[in-house]
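One letter stands for each residue in the lines below.
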Amino acid sequence: MPLQPGTFVGPYQITAHIGSGGMGDVYRARDPKLQRDVAIKVLPEAFAADPDRLARFEREALAVAALSHPAILSIHEFGKEDGRAYAVMELLEGETLRQRLESGPLPARRAVDIAAQIARALAAAHGKGIVHRDIKPENVFLTADGRVKVLDFGLARLEPALTAGQASTATRLDTAAGVVLGTAGYMSPEQVRGGTVDHRSDIFSLGVVLYELLAGTRPFRGDSAVETMNAILTQDPPPLNVADASLAPAVAALVEHCLEKEAAGRFQSAQDLAFNLEALRGRGDRASGQAAAQTAPTRRRRGLVPMAAVAATMLIAGAVVGARLWQRTDGPAPLTFLRLTYDNGTLWNARFAPDGQNVVFAAAWNGKPIRTYLSRTDRVGVTPLSLPDASLFSLSATGELAVSLGHTYDGWIGEGTLARAPILGGAPRALIEHVREADWAPDGSDLAIVRRVGSMERLEFPVGTVLYQTTGYISHIRFSRDGQRIAFADHPLYSDDNGDVAVVDLKGQKTTLSRGLQGMRGVAWSPDGREVWFTAGSDQPYSGVVLRASTLDGRVRTVLALPTDWRILDVATDGRALMSSELVLRQIERWRDGQPPEDVSLFDQSLGSAISKDGETVLLSDQGSIAGTTYATYLRRAGQSEPVRLGDGQAMGFSPDGQWALSIVYGPPSRLLLLPVGAGKTTELPNPRMLTIQAAAIMPDGRRVVLLAGLGAEPLRLYIQDIASGEARAFGEPGVSLMSFAGIPVSRDGSQVWMQGPDNMPYLYPVSGGPRAELKGLKPGERVIGWSENGELYVSNLIGIPQRITRVDIATGRRTPLKELMPSQAAGVRRTELSVTPDGRTVLFSYSRLLANLYVVNGLK
């Protein structure tokens, strides 16, 4: 019998019965703490006594709790009371996709949009190792404002694959409409066979759903569940008839690609599928109102799709000798993407060889060290060059490599020893240490370089002649085709990839072409050398990356809008381009002594910034397109699945009483905000000197803040500022740096701060002024991440994994190992951030992974 209104389940008061299903009843209820309505799924007492049903119920709660994505139903709490198990979830207003289908098929563009949102949700789940295994219209909800929510992870598995042997031990948990590993009609062939199931099974099921959205009926049907499953194994679906002529061929080809009988023939990731759906949706939007007479695709045989048919009809990925091709069929010339690499890891740089047929690139695959490879533009396959532990800087017109030996990366920035090397073998000749970027002049006679001297980043050509310098950093330097200018990305904040596109001539005259770009990564010159091409984030939230072109007088146009992260690497004079498709995955974990790591991640571009003294509350910063260029600060308490957005800015840390969070909205000039953790009003602190602030911390007295800041092109230095009056004074010496997004480590008594000096060595700087003090016990490449309760320092390695935390007695230099933290996935790890509680028992561990693959792109204009 359903619970009556007024009944309490835990602290939640039932207000209405919403519906019933195979796993129990769902109610609307009131959350008394946060004064909001929620949904509660209650497992009946009889089911709670069934270990199998209870296991499925708990598995769903665990699976959803591991995810944080706008297209996945959020779960707030899981509990048991009076023999009943219950899960508290966000309350949705709208209808299921099944209810929407009762009115008939959907318009093609709406169906593609829904499928794209589902694919994004699945990509997030697959990124956490979670396979849904029961995608169907009943498990997809459409909110009143048109957004998608994926429901019911009750059949999900937290391991990447489920074997047939494991499947045989599961009991029948579904209603009569389903079977052990899914629902008849939506199951993949491998589910039907009881074989190994991985993320590609969800891709098949999504293909079935998309077919049904377009046709109004499932692609595989029978009079019984057995006949339906036999159709899945042996039959092709009826030809798909799409009313929208501008989308019909491409949609049909995409659905067929999802419904391949063998998993290896489908899209290999939900990320790829989402990309192609979003590209297809964009094409449909462009074609709206422009009816095109196109014939339906030829019915294919089971097996691989012939490439000629794909090229004629698809805007999306297809397979040819292992490569993936993306083709635009509207416009004067086709746009094709030929994929060259398939390994799992990070790709850092790539250049066309002088012959135009070969490509040289640097990558770190499968957790191994970075090295340089050779590939061709007409086939898949890579050959490692005889340059171990070398990253590519540039390739000259004569075929000579400029490489970085012993190159290490910290986020977007790295450095190594610049060396020259022949492309086809031979020992490299070392030239200059600690070089960050290098590019050959067009005639191959000399190199422009970027290196850091003290706190200043310098662009030099020839070596020793400074053309431009900044307290931020410089990336992606590229000589113009006539050798008279150098284009580059100019980042005002060290280690942050927001910034401008600029050129500087050989006399040091700098011109900014485009300002205030989010995610500014990738610069190249156009085929005719008249424009600078660059990739950066879109101006619109959730809108991926845009390849833009700017003339030297600053007239900017869009070359290509892409729904996901891409980077321009090189452009040949014939118009072909090298681009990398990139996926940035950020994980934030709380590590407590004696407990397994707890995932406290926010969004895919978020960072753990600070942890409270008791380890119960964390500050998170979102640096993605959701927050925009101002970034955003969130707070998450232990046991709360939903974070609270406190306000704008990059989080720096808590006030001593824990009532405020300090954040920076980066400038210039910068805004310094005090955000209330509870009730209260945001306070903006004065910035009378119009400083560009890189990092900050609230002092232990709660009345002052310490700043690492600069003015214009002046070197960075430390300031102490009164919160009430805004009065500020400098202390220490100019040219100091922090090299981190973290707040400034301040001693427990507030008398000293840790900072790197102009010589890049660690020092303690007295806040009252006076000479700096050397730090004993620190090793090269270590950073300070906090102070212990007894005044010792916690330090960790800045670069590399595992992350090792050591306690250092600064009086004696004695070192005591404390913890070692290792990411669950090592491939592509490029940056880590750590915060530690004073007792050393809890650590907030953030790590970022960059996964990329290389494409040859033809047809850009």
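Note: the structure precedes this text.
Residues numbered from 1 in each chain as written. Predicted model: local features only at pLDDT ≥ 70, side-chain atom pairs only at ≥ 80, totals over all residues. Heavy atoms only, no water.

Trainee: Explain the overall build of the chain here, please?
Mentor: Broken down by element type, the chain carries eleven helices and 58 strands. In the chain, which comprises 861 residues, the proportion classed as buried is 58%. A fraction of 48% describes how many contacts in the chain between residues 6 or more apart in sequence connect residues 24 or more apart. (Helix = DSSP H or I, 4+ residues; strand = E, 2+ residues; numbered from the N terminus. Buried < 20%, exposed > 50% of the residue type's maximum accessible area, 1.4 Å probe, protein only. Contact = heavy atoms within 4.5 Å.)

Trainee: In this structure, what is going on with the packing of aromatic side chains? I would like to understand it.
Mentor: Aromatic ring pairs are defined here through the distance separating the ring centres and the angle between the ring planes. For the structure on display, the rule yields eleven aromatic pairs. With a centroid separation of 5.4 Å and 20° between ring planes, the pair formed by Phe-361 and Tyr-373 is classed as stacked. With Phe-361 in strand S17 (residues 358-365) and Tyr-373 in strand S18 (residues 371-376), the pair connects residues that are twelve residues apart, well separated along the chain. There is no split in this pair, since Phe-361 and Tyr-373 are both buried. Centroid distance Tyr-631 to Tyr-666: 6.3 Å. Interplanar angle 85°. Geometry classified as edge-to-face. (Phe/Tyr/Trp six-rings, centres within 6.5 Å; stacked < 30°, edge-to-face > 60°.)

Trainee: How should I be thinking about the sheet that holds strand S40 (residues 632-637) in this particular structure?
Mentor: Consider a sheet: its strands pair through backbone hydrogen bonds, and that pairing is either parallel or antiparallel. The strand order across the open sheet built from four strands is S38-S39-S40-S41, with neighbouring strands paired in antiparallel fashion. Pairing within the sheet leaves two strands with one partner each, and these edge strands are strand S38 (606-611) and strand S41 (644-648). Taking each pair of neighbouring strands and ignoring which way they run, the sheet shows an average axis angle of 30°. In terms of strand pairing, S40 meets S41 through four bridges, oriented antiparallel. Bridge pairing links Leu-635 to Val-644 in S41. (Pairing = 2+ DSSP bridges. Axes fitted to C-alpha atoms, helices over the stretch in contact; angles between N-to-C directions.)

Trainee: Looking at this model, I keep getting lost on the nonpolar core. Mind explaining?
Mentor: Considering soluble globular proteins, one finds that nonpolar side chains tend to be buried as a cluster. In this structure, Leu-214, Val-251, Leu-273 and Leu-277 are the most contacted members of the largest nonpolar core, which totals 53 residues. For this core, the secondary-structure elements that each account for two or more residues are helix H3 (97-101), helix H4 (108-127), strand S8 (140-143), strand S9 (148-150), helix H7 (199-215), helix H8 (225-234), helix H9 (248-258) and helix H10 (270-287). If one sorts the elements of this core by residue count, H4 sits on top with twelve residues. Listed in part, the 45 residues of the second largest apolar core include Met-699, Val-705, Leu-738 and Val-746. (Core = buried A, V, L, I, M, F, W, Y, C linked by side-chain atoms within 4.5 Å.)

Trainee: Help me out: how do you make sense of the sheet that holds S8 in this one?
Mentor: If you trace the three strands from one edge of the open sheet to the other, you get S7-S8-S9, paired in antiparallel fashion. Each of the sheet's edge strands pairs with one partner strand only, and the pair in question is strand S7 (94-96) and S9. On average, each strand axis in the sheet is inclined to that of its neighbour by 25°, with strand direction left out of account. Examined bridge by bridge, S8 and S9 share three bridges and lie antiparallel to one another. Bridge pairing in S9 links Val-140 to Val-150.

Trainee: What is the right way to read the pattern of salt bridges from this model?
Mentor: For the coordinates displayed, the defined rule picks out 41 salt bridges. Measuring nitrogen to oxygen at the nearest pair gives 2.9 Å for the salt bridge that ties Glu-400 to Arg-420. Taken together, the positions of Glu-400 in strand S21 (residues 400-410) and Arg-420 in strand S22 (residues 413-422) put the pair 20 residues apart, joining distant regions of the chain. For Arg-521, the salt bridge goes to Asp-497, with nearest N and O atoms at 2.7 Å. Of this pair, Arg-521 sits in the loop between strand S30 (510-517) and strand S31 (523-525) while Asp-497 sits in the loop between strand S28 (485-491) and strand S29 (499-505); the two residues are 24 residues apart in sequence, bridging distant segments of the chain. Within the structure, one salt-bridge network assembled from shared partners comprises Arg-28, Arg-30, Asp-37 and Glu-93. (Salt bridge = Lys/Arg side-chain N within 4 Å of Asp/Glu carboxyl O.)

Trainee: What is the right way to read the packing of H4 against H7 from this model?
Mentor: One way to put it is that H4 packs onto H7 with a least axis distance of 10 Å and a crossing angle of 165°. Here H7 runs roughly antiparallel to H4, going by the angle between their axes. The handedness of the crossing between H4 and H7 comes out as right-handed. Judged by residue contacts, Ala-108, Ala-111, Val-112, Ile-114, Ala-115, Ile-118, Ala-119, Leu-122 and His-126 of H4 engage His-199, Asp-202, Leu-206, Leu-210, Leu-213 and Leu-214 from H7. Partitioned by chemical class, the residues of the contact of H4 with H7 number twelve nonpolar, two polar and one charged. (Parallel < 35°, antiparallel > 145°, perpendicular 65-115°, else oblique. Left-handed = near helix turned anticlockwise from the far one by under 90°. Nonpolar A, V, L, I, M, F, W, Y, C, P; charged D, E, K, R; others polar.)

Trainee: Would you explain H4 in this entry?
Mentor: Because each turn of an α-helix spans 3.6 residues, side chains separated by three or four positions end up pointing in the same direction. With 20 residues, H4 should reach 28 Å at 1.5 Å per residue; the first-to-last C-alpha distance of 28 Å fits that figure. For H4, a buried count of 16 out of 20 residues is recorded, marking the element as mostly surrounded by other parts of the structure. Of the residues one or two after H4, Gly-129 is the one with positive phi, at around 80°. (Expected span 1.5 Å × (residues − 1).)

Trainee: Which parts of the structure should I look at to understand the side chain of Thr-346?
Mentor: Relative to the elements of secondary structure, Thr-346 occurs in strand S16 (residues 345-352). Residue classification places Thr-346 among the buried positions, given a relative accessible area of 2%. Contact partners of Thr-346, with chain neighbours within four places excluded, come to Ala-362, Ala-363, Ala-364, Trp-365, Gly-828, Leu-850 and Ala-852.

Trainee: Where do I start with the environment of Ser-581 in this structure?
Mentor: Structurally, Ser-581 is set in strand S36 (residues 577-592). Distance in space between the C-alpha atoms of Ser-581 and Arg-567 is 6.7 Å, their sequence separation being 14 residues. Not counting residues up to four positions away in its chain, the partners in contact with Ser-581 are Asp-565, Trp-566, Leu-851, Ala-852, Asn-853 and Tyr-855.

Trainee: For this particular structure, what's the right way to read unusual backbone geometry?
Mentor: Most peptide bonds are trans, and most residues other than glycine sit at a negative phi. Along the chain, Phe-461 connects to Pro-462 via a cis peptide bond; the corresponding omega equals -15°. Along the chain, Pro-462 turns up in the loop between strand S25 (456-460) and strand S26 (466-470). The backbone of His-434 shows a phi angle near 60°, a positive value even though the residue is not glycine. With respect to the element layout, His-434 can be found in strand S23 (residues 429-440). Assessed through its relative accessible area of 47%, His-434 is described here as partly exposed. Of note in this structure, Tyr-631 is not a glycine but carries a positive phi near 65°. Within the fold, Tyr-631 resides in the loop between strand S39 (617-622) and S40.

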